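Coordinate inspection notes
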Amino acid sequence: MKHKENHLYHYAITDQGNTIPDISEIVEQYYDLGDVIQVKKLDIGDTNFNYIITVKKDNAETKYFGQLFSASTSLSSVKYELALRRYFVSNSDLMNCATACPAKDGNYMIQCICTENNRDRYFCISNFLEGRIKKREEWAGGRMSEALLKGCAKGIARFHTGAYGFIPPKDCEDIVSDYAQELAAYKSMFTEGFEKCRQGSSYAYYDYFAEYQPRLLEILERYTQKYLSVKDDLPVCVCHMDTSPQNYFFDDDLQPVAICDLNGSQERPRLYDLCWFINEGLCKFDADKMINSLDIDDIVTFLNAYDQAIEETGNPKPGRLTKKEREMVMEIFQLVSIKCGFAFIWEYILTDNPTNTYEFNTYWGNWTKTAVEFVEEHMEAFKNKITAL
């Protein structure tokens, strides 16, 4: 367990499967927002727990958004996200982002000690954002409409331009990394980390992982080297790093009006965010048949919509996609897919995250294996279509 932060309020959570009573007590005990009328846990988010919290003060009811961050999210990461939210709101008038409410002690987070697994999770409460969120069943697995696709492209572009120039607080420097460091960490997790966890364990996921490990390492090494050979030619910006449609709020015309869930954000090659969306938003994964596919026309439409959104705001930095970026889209896609389906899973395992179940882990592993192999087979055709301007 992480040490207690002496300057923060502390709260013990004994059952992560039923946190609603805890969230109610935390808000009433540590915040001056009023009496809690209702706490509703949202069904979006696999790692962070999200809530709509209704309070009553001075005969007026107000809604807030609550978030219990994953056990893999450090205090530095929470501080980084809250600072990024404030910067984005002050630097962008095209899209909103929730900003945190202070607790009674002036801090913006509560340290929650989860006694089940001896891990800490941090809780924050923010102003409530207006707009509609698109749930996975509305778009995943090949159900993405062109209108939603273009709305997401615009949301990503607005975040990239609005967050451009953000400088992390000095006390968050321990979490700042570059993409080369992140990729090196993948290799370490998939080798030394894997062998350490596997020793003396009967967890079936380790056998599942071992079957694909040699192929995974080969793909990781090959595309890491391709990235390193061109990394200086790829524009970077603060990336959201989880650009699924459920992290944007839309109006009735599917225009993005707000963004949420910035706790993984880092400065990365701009392609990272675009490839994450392609992976999670455009892959047509069939878990029963164990097949996956991508429509190249969808990818081209998405990339062109991103460029158009940049142009509509006067072409601010990081600007339109460069020729080199378009050449590297599907190579970076392979690396981002590995993050989604394997590196994230190891973070959950190492932090005893409640999401860490065999079914969840193998679902995303299968998604990633089938996506990566499909792209391997069609790489040249995809590259030719993406670069044909």
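All of the points below concern the structure found in this document. (Residues numbered from 1 in each chain as written. Predicted model: local features only at pLDDT ≥ 70, side-chain atom pairs only at ≥ 80, totals over all residues. Heavy atoms only, no water.)

Bringing the overall build of the protein into the picture now. The helix and strand tally for the protein stands at 9 helices and 11 strands. Computed over its C-alpha atoms, the radius of gyration of the protein comes to 21 Å, within 12% of the 21 Å expected for a compact globule of 389 residues. C-alpha atoms of the protein, sized along the principal axes, occupy 60 × 55 × 40 Å. Expressed as a percentage of the 389 residues in the protein, the buried residues total 54%. (Helix = DSSP H or I, 4+ residues; strand = E, 2+ residues; numbered from the N terminus. Rg over C-alpha atoms; globule rule 2.2 N^0.38 Å. Buried < 20%, exposed > 50% of the residue type's maximum accessible area, 1.4 Å probe, protein only.)

Across all of its chains, the model carries 1 cavity of 30 Å³ or more by this definition. The calculated volume of the largest cavity comes to roughly 40 Å³. Every residue along the wall of the largest cavity is listed here: Phe65, Glu81, Arg85, Cys97, Ala98, Ile259, Cys260 and Asp261. When the residues that make up the lining of the largest cavity are grouped by side-chain class, the tally is 5 nonpolar, no polar and 3 charged. (1 Å grid on protein atoms, 1.4 Å probe; cavity = no way out; pocket = protein on both sides within 12 Å on 5 of 7 lines; lining within 4 Å. Points joined across faces, edges and corners; volume = space filled by probe spheres on them. Nonpolar A, V, L, I, M, F, W, Y, C, P; charged D, E, K, R; others polar.)

Taken as a whole and assessed by the stated rule, the structure comprises 28 salt bridges. The partner of Arg268 in a salt bridge is Glu182, with the nearest N and O atoms 2.8 Å apart. Of the two residues, Arg268 is situated in strand 11 (residues 266-269) and Glu182 in helix 4 (residues 179-198); the sequence distance between them amounts to 86 residues. By the burial criterion, Arg268 is buried, and Glu182 matches it. With a closest N to O distance of 3.8 Å, Glu182 and Lys339 form a salt bridge. With Glu182 in helix 4 and Lys339 in helix 8 (residues 323-350), the pair connects residues that are 157 residues apart, well separated along the chain. With respect to burial, Glu182 and Lys339 carry one shared label: buried. If you follow the salt bridges from partner to partner, you end up with Arg215, Glu218, Arg222, Glu373 and Glu376 in one network. (Salt bridge = Lys/Arg side-chain N within 4 Å of Asp/Glu carboxyl O.)

Interpretation in functional terms is not warranted from these geometric data alone.
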